[in-house]
Amino acid sequence: MNASLHIKGGRIIDPANGIDRIGDLFVRDGIIVDSLPKNEKGERGAEVIDATGKVVSPGLIDIHVHFREPGQSHKETIATGARCAAAGGFTTVVCMPNTSPVADSPATIAWIQERAASTACVNVFCTGAITKGLAGEEMAPIGALAAAGVVALTDDGRCVQNHGVMRRAVEYARHYGLPVMDHCQETTLSADGVMNEGEWSTRLGLPGWPSLAEDLIVARNILLAEETGHPIHCQHISSARSVRLLREARQRGVPITAEACPHHIALTDGELKNFDTNFKMNPPLRTQADIDEIIAGISDGTITILASDHAPHATYEKEVEFDRAPFGILGLETELALFLEILLHQRKALTLPQILGMLTVNPAKFLRLDRGTLSTGAPADITILDPDHAWTVDKNESSSLSRNTPFHGHSLRGRALTTIVGGKVVWDLESGFRS
Ligand SMILES: [Zn+2]
Ligand SMILES: [Zn+2]
């Protein structure tokens, strides 16, 4: 079997090392190397990939995905979710714990890890729950979860409402060196809200989920991170005031971070006018002013990580009255294109190396993953992409078991062309999956 790769003539962008140059990249036995031995060069040796005119990036990392195993494998399995990742250019993903059973015990973590090892074509890391059953009452066995290999703790999908429990959990997490991530939603304020509280919720007569409910928990997390000195990461930030709170806190040196998702900078709550449940997500789509502030926060370093919140749901579950439909949309296959289309092409908010940094080295550093770089000796996770490749999203071409995307039919620029995990090409745009 051919264990070596010679990626020729691409624009190598490695934000971890400040590299942006045209050149060749070599891979041997799953590791990035400086060069190949003479007998592995040429036709009989390494597989040669012509990357002329393309960008060669560290494999993209998404620290926020929902694969539905165990428990809801009709929506997505770890295998199909991983294929979505690969087709979107992602070589590493981090799974949220709101599975069934909830990932709040070493046994469930071990099950997910085993399933990922035997079925996934990309690297899959697990988070553990902060509280048992995501109920927000009793802490999960944080030490045992750490020993089982979770990379962070989160109750995503839910938010711990009891500040005493959250404080104790952050203190325990600090003891075990585990970052805490949080879905920021104060539930007495969001109540039964199904969309952004504002002009559109009034016009449509749907119960509103005000951005105040997010802002309040972001503020809580800033105070807890400051008090404990331990990092807290605010997931999928959707509101302008949250960004301003985070900016001020980070300027003071509080160890607080945040991520933004494509839909929160691509779409406003006005899209809900047709009651299409493919636009129903949590936190909800908000206003243009919120989008502008999130993009400002991405450009000035307030928000350092980009993620998808890939959340598959079966069609029959989404095809119900708006307020009864589940929250969430597919993300992995459109994520890179949406970020490039909006942040690079339309808004010119960031350079390509800056965007790739937020999808590689930044998430890797935050979760202390030995990835997200093209350094010699690093695992050979590599994404070859074309930031200008024009294409139209077709939900029927998705690798997911679900079809819930609001971007069907959208024309976007930017796409992954080849995804390499551990030195093996797992997917490329022309020929599809290799296994
Ligand atoms: Zn969430
Ligand atoms: Zn989520």
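Here the structure is shown first, and the text comes after it.
Residues numbered from 1 in each chain as written. Chains lettered and ligands numbered in written order. Predicted model: local features only at pLDDT ≥ 70, side-chain atom pairs only at ≥ 80, totals over all residues. Heavy atoms only, no water.

(A) View of the overall build of the chain. Along the backbone of the chain there are 14 helices and 19 strands. Its C-alpha atoms put the chain at 65 × 45 × 45 Å along the principal axes. Classification of the 435 residues of the chain by burial places 60% in the buried group. When contacts within the chain are restricted to residue pairs at least 6 apart in sequence, those whose partners lie at least 24 apart make up 75%. As presented, the chain carries roughly 16500 Å² of accessible surface, and 48% of it is formed by carbon and sulfur atoms. Here the chain contributes 40 positively and 53 negatively charged side chains, and the mean placements of these two sets differ by 3 Å. (Helix = DSSP H or I, 4+ residues; strand = E, 2+ residues; numbered from the N terminus. Buried < 20%, exposed > 50% of the residue type's maximum accessible area, 1.4 Å probe, protein only. Contact = heavy atoms within 4.5 Å. Areas by Shrake-Rupley, 256 points an atom, 1.4 Å probe, with all protein chains shown as cover. Lys, Arg positive; Asp, Glu negative; His and termini not counted. Charge placed at Lys NZ, Arg CZ, Asp CG, Glu CD.)

(B) Region of interest: unusual backbone geometry. Each neighbour pair has its own omega, and for S100 with P101 the value is 5°, a cis peptide bond. Locating P101 in the fold gives a position in the loop between β7 (90-95) and α2 (106-119). For the peptide bond that leads from N282 to P283, omega is -5°, which places it in the cis range. One non-glycine residue, A191, lies in positive phi territory at about 45°.

(C) Fine view of the coordination of the zinc ion (ligand 2). Those donors, H64 (NE2), H66 (NE2), D156 (OD) and D309 (OD), are the protein atoms that reach the zinc ion (ligand 2), and they lie 2.1 to 2.2 Å from it. For the zinc ion (ligand 2), the four donor atoms are set out with angles of 85 to 168° between them, so the coordination reads as irregular. Positions of the donor residues of the zinc ion (ligand 2), expressed as sequence spacing, correspond to H-x1-H-x89-D-x152-D. The two metals, the zinc ion (ligand 2) and the zinc ion (ligand 1), are separated by 3.4 Å and share D156 as a common coordinating residue. (Donors = N, O, S within 2.8 Å, 3.2 Å for Na, K, Ca; no water. Tetrahedral: all angles 85-135°; square planar, octahedral: opposite > 155°, others 65-115°.)

(D) Region of the structure containing the pattern of salt bridges. With the rule as written, the count across this model stands at 19 salt bridges. Where E69 meets R115, a salt bridge forms, and the shortest distance between an N and an O atom there is 3.0 Å. Placement of the pair is E69 in the loop between β6 (60-65) and α1 (78-87) and R115 in helix α2, with a sequence separation of 46 residues. Overall, the relative accessible area of 31% leaves R115 in the partly exposed class. Measuring nitrogen to oxygen at the nearest pair gives 2.9 Å for the salt bridge that ties E138 to K132. Residue E138 is classed as partly exposed on the basis of its relative accessible area, which comes to 47%. Looking at K132, the relative accessible area reads 38%, which means it is partly exposed. Several salt bridges converge on common partners, so that one network encompasses R244, R247, E293 and D300. (Salt bridge = Lys/Arg side-chain N within 4 Å of Asp/Glu carboxyl O.)

(E) Structural detail: helix α4 (residues 163-175). Its 13 residues give α4 an end-to-end C-alpha distance of 18 Å, which sits within 8% of 18 Å, the value for a rise of 1.5 Å per residue. By the burial criterion, the buried members of α4 are V165, M166, A169, V170 and A173. In a view along the axis of α4, the buried residues occupy a sector of 135°, so they form one face of it. Contacts from the buried residues of α4 go to α3 (142-148), β9 (152-153), β10 (180-182), α7 (211-228) and β13 (232-234). Structurally, the start of α4 carries an N-cap: the backbone nitrogen of G164 is 2.9 Å from a side-chain oxygen of N162. (Expected span 1.5 Å × (residues − 1). Arc of directions from axis to C-beta. Polar contact = N/O pair within 3.5 Å; in protein donor to acceptor, adjacent residues only side chain to side chain.)

(F) Representation of the coordination of the zinc ion (ligand 1) in the model. Distances from the zinc ion (ligand 1) to its protein donors, D156 (OD), H183 (ND1) and H236 (NE2), fall at 2.0 to 2.1 Å. If you list the donors of the zinc ion (ligand 1) from N- to C-terminus, the spacing comes out as D-x26-H-x52-H.

(G) Geometry of the nonpolar core. V122, V124, I256, I265, I298 and L306 are the most contacted members of the largest nonpolar core, which has 81 residues in total. Non-local contacts of I265, meaning those with residues more than four positions away in its chain, are made with I291, I294, I295, I298, F339, I342 and L343. Counting 18 residues, the second largest nonpolar core, distinct from the first, contains L204, F322, I329 and L412. (Core = buried A, V, L, I, M, F, W, Y, C linked by side-chain atoms within 4.5 Å.)

(H) Summary view of empty space enclosed by the protein. Within this structure, the stated rule accounts for two cavities of 30 Å³ or more. The volume enclosed by the largest cavity comes to roughly 40 Å³. Taken together, A87, G88, E333, L336, A337, W391, G414, R415 and A416 form the lining of the largest cavity. Residue assignment for the lining of the largest cavity shows that the elements contributing at least two residues are α12 (335-346) and β17 (411-421). Residue contributions to the lining of the largest cavity peak at three residues, all from β17. Class assignment for the residues of the lining of the largest cavity results in five nonpolar, two polar and two charged. If you add up the space inside the second largest cavity, you get close to 30 Å³. (1 Å grid on protein atoms, 1.4 Å probe; cavity = no way out; pocket = protein on both sides within 12 Å on 5 of 7 lines; lining within 4 Å. Points joined across faces, edges and corners; volume = space filled by probe spheres on them. Nonpolar A, V, L, I, M, F, W, Y, C, P; charged D, E, K, R; others polar.)

Distances and angles like these do not, on their own, reveal function.
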